[in-house]
Amino acid sequence: MKSITVRVPATSANCGPGFDCLGLALTLYNTFSFTPDETATSNSYTFEGFGADILAAEDPAHNLVGEAMQKVFEILQESYDVYGPRIYQGTGCFSDTDVIRYGRLDSWEELVWDQKSDYSFKEVLLPISETILYFTENEMKTADGAPRQRLIFLKSCDFHALKRLDEMYLKNGAEDYYYRRMRENTVFAVMGCKESGKNCFCVSMGTNRCEEYDMYIFQDEKGCYVELRCRELEELLWDYGQNVQEKPTFVEKNEVYVEIPEELPDTIHRDSMWQEYGSRCIGCGRCNFVCPTCTCFTMQDIFYKDNPKAGERRRVWASCQVDGYSDIAGGHSFRQSQGERMRFKVLHKISDYKKRFGYHMCVGCGRCENVCPEYISYIACLQKLKEKEGK
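Report follows, based on the coordinates. Numbering of residues starts from 1 in every chain and runs along the sequence as written. Local features are withheld for residues below a pLDDT of 70 in this predicted model, meaning they are given only at 70 or higher, and side-chain atom pairs are given and counted only at 80 or more; totals for whole chains, interfaces and linings count all residues. Side-chain measures were taken over the full set of non-hydrogen atoms in the model, leaving aside hydrogen atoms and water.

1. Digging into the overall build of the protein
We count a stretch as a helix when DSSP gives it H or I for four or more residues in a row; a strand needs E for two or more, and each element gets its number in order from the N terminus. Helix and strand counts for the protein stand at 13 helices and 14 strands. Burial classification: accessible surface area is computed with a 1.4 Å probe over protein chains only, and a residue below 20% of its type maximum counts as buried, one above 50% as exposed, and the rest as partly exposed. Taken across its 391 residues, the protein has 42% of its residues classed as buried. Contacts: residue pairs with any heavy atoms within 4.5 Å of one another. Here the contacts in the protein between residues at least 6 apart in sequence split such that 70% fall between residues at least 24 apart. Here the Shrake-Rupley method, with its probe set to 1.4 Å, supplies the accessible areas, and only the displayed protein chains count as covering residues. Carbon and sulfur atoms make up 50% of the accessible area of the protein, which amounts to about 23500 Å² in all.

This is the structure we're talking about:
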């Protein structure tokens with residue numbers, strides 16, 4: 001196997017005047033040897049020798065790939081407000097913990113690739129609290145939409161969740177005007193996953209791969225691969241990079257395997273297993289808030305203190321796990337115990353929704369598994385239901 005060796009004089013720029021002559025006179029050299037791997041199917045680099053650990057661990061934002069992608073990012077910023085998973089330092093459950101959630105990106109370096117976000121992308125499309133209209137005593141005005149188009153970087157499971165949101169807000173009776181307005185003003189870039197995240201079971205749910213994206217992007221030590229399916233993005237980025245024949249990279253195996261029950265007994269809603277959760281669940285609703293497919297909301301009318309006859313109407317996220325969610329006039333409540341609420345949520349994700357729309361609501365992101373403060377396992381609950389199938 002042939003190899004190529006390049007030897008260049010070590011830098012002597014800090015020797016002062018005459019450094020060119022000194023550099024040639026010194027017997028210090030940088031030696032680089034390149035040996036091609038004839039079995040390799042793509043370009044890659046392995047570093048050996050002094051400084052190998054530094055080169056291999058170099059911050060992508062400070063190498064040629066990172067610099068090139070920052071240029072691409074700046075081009076995208078000219079036409080879009082760019083959103084994606086980023087780290088918010090010191091905003092976790094404790095003062096010294098961080099959280100990864102979706103927010104507006106100011107640079108390519110802020111985009112988190114190697115970790116699953118704690119919250120889903122849906123808070124970009126559907127803010128936790130959104131003003132939808134303003135009112136006075138005599139008139140009403142619809143709130144303005146986002147002034148610019150949005151580009152959202154998200155994983156394949158979350159992109160599948162988008163289909164569920166579309167089903168609920170656009171095809172479930174009357175269209176939701178506010179969701180439609182934001183949806184039509186947004187393009188989506190799917191981020192390829194190198195490896196499965198903690199408690200992910202997207203392969204079991206069939207959401208590990210997707211196709212109908214506007215943009216696909218995958219970054220590793222070799223570079224950055226981008227596939228464009230949106231004409232607007234093609235016009236912006238066509239002159240950058242080079243054409244290559246690559247297949248999108250998706251996760252093909254999770255550490256967690258979940259088998260979803262397809263034929264639950266008609267009496268499953270009365271099963272004693274739900275009582276197990278009544279004493280454990282504290283009804284905080286965190287599982288709903290991190291879930292990319294939960295769509296429930298409530299309305300709040302806010303009256304201004306300086307003018308009680310004027311105000312605004314806000315759409316605010318709601319949770320089927322919290323007190324008061326199922327209360328109706330007369331003081332009645334359909335689901336009073338936490339066990340009943342857990343039953344409603346779980347069966348809606350893997351049974352009731354599919355009966356209406358033909359596919360499961362759950363996309364297997366595993367966020368509810370990670371966020372529960374009482375360590376209630378949604379995955380274990382699904383396994384219990386599988387054991388009861390057909391009984």
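2. Some points on the nonpolar core
Buried together is how nonpolar side chains tend to be arranged in soluble globular proteins. Grouping buried Ala, Val, Leu, Ile, Met, Phe, Trp, Tyr and Cys residues that are joined through side-chain atoms within 4.5 Å yields what is termed a nonpolar core. Among the nonpolar cores identified, the biggest contains 29 residues, and F121, L125, I152, F159, Y179 and F188 are the most heavily contacted of them. Counting only elements with at least two residues in this core, the list comes to α4 (122-125), β7 (149-154), α5 (156-170), α6 (177-184), β8 (186-191) and β9 (215-220). Take this core: its biggest share by element is seven residues, from α5. Excluding residues that lie within four positions of it along the chain, F159 makes contacts with L154, F188, V190, C210, E212 and Y213.

3. Digging into α6
Listed as buried for α6 are Y178, Y179 and M182. Projected down its long axis, α6 carries its buried residues within an arc of 95°, all on one side. Among the exposed residues of α6, those oriented more than 90 degrees off its buried face are Y177 and E184. Capping the start of α6 is the job of one residue whose side-chain oxygen sits 3.1 Å from the backbone nitrogen of Y178: D176. Throughout, the arc means that of the directions going from the helix axis to the C-beta atoms. We define a polar contact as two N or O atoms separated by no more than 3.5 Å, with the added condition that, inside protein, one atom must be a possible hydrogen donor and the other a possible acceptor, whereas residues neighbouring each other in sequence contribute only through side-chain atom pairs.

4. Thoughts on the packing of aromatic side chains
Any pair of Phe, Tyr and Trp rings, taking the six-membered ring for Trp, is counted once the centres come within 6.5 Å. Such a pair is stacked with planes under 30 degrees apart, edge-to-face with planes over 60 apart, and tilted for the rest. Across all of its chains, the model carries 15 aromatic pairs by this definition. Judged by centre distance (6.4 Å) and plane angle (15°), the rings of Y169 and F297 are stacked. Here Y169, found in helix α5, pairs with F297, found in strand β11 (residues 297-303); they are 128 residues apart in sequence, far enough to count as distant. For Y169, a relative accessible area of 6% corresponds to the buried category. Their ring planes at 40° and their centres at 6.4 Å tell us that W274 and Y277 sit as a pair that is tilted. Look at Y277 and you get buried, because its relative accessible area is 3%. Counting every residue linked through ring pairs, the aromatic cluster contains Y213, Y216, Y225 and F250. Placement of a charge over a ring requires the Lys NZ or Arg CZ to be within 6 Å of the ring centre, with the centre-to-atom vector within 35 degrees of the ring normal. Sitting above the plane of the Y119 ring, R101 keeps its charged end 4.1 Å from the centroid. Against the face of W317 rests K122, its NZ or CZ located 4.7 Å from the ring centre.

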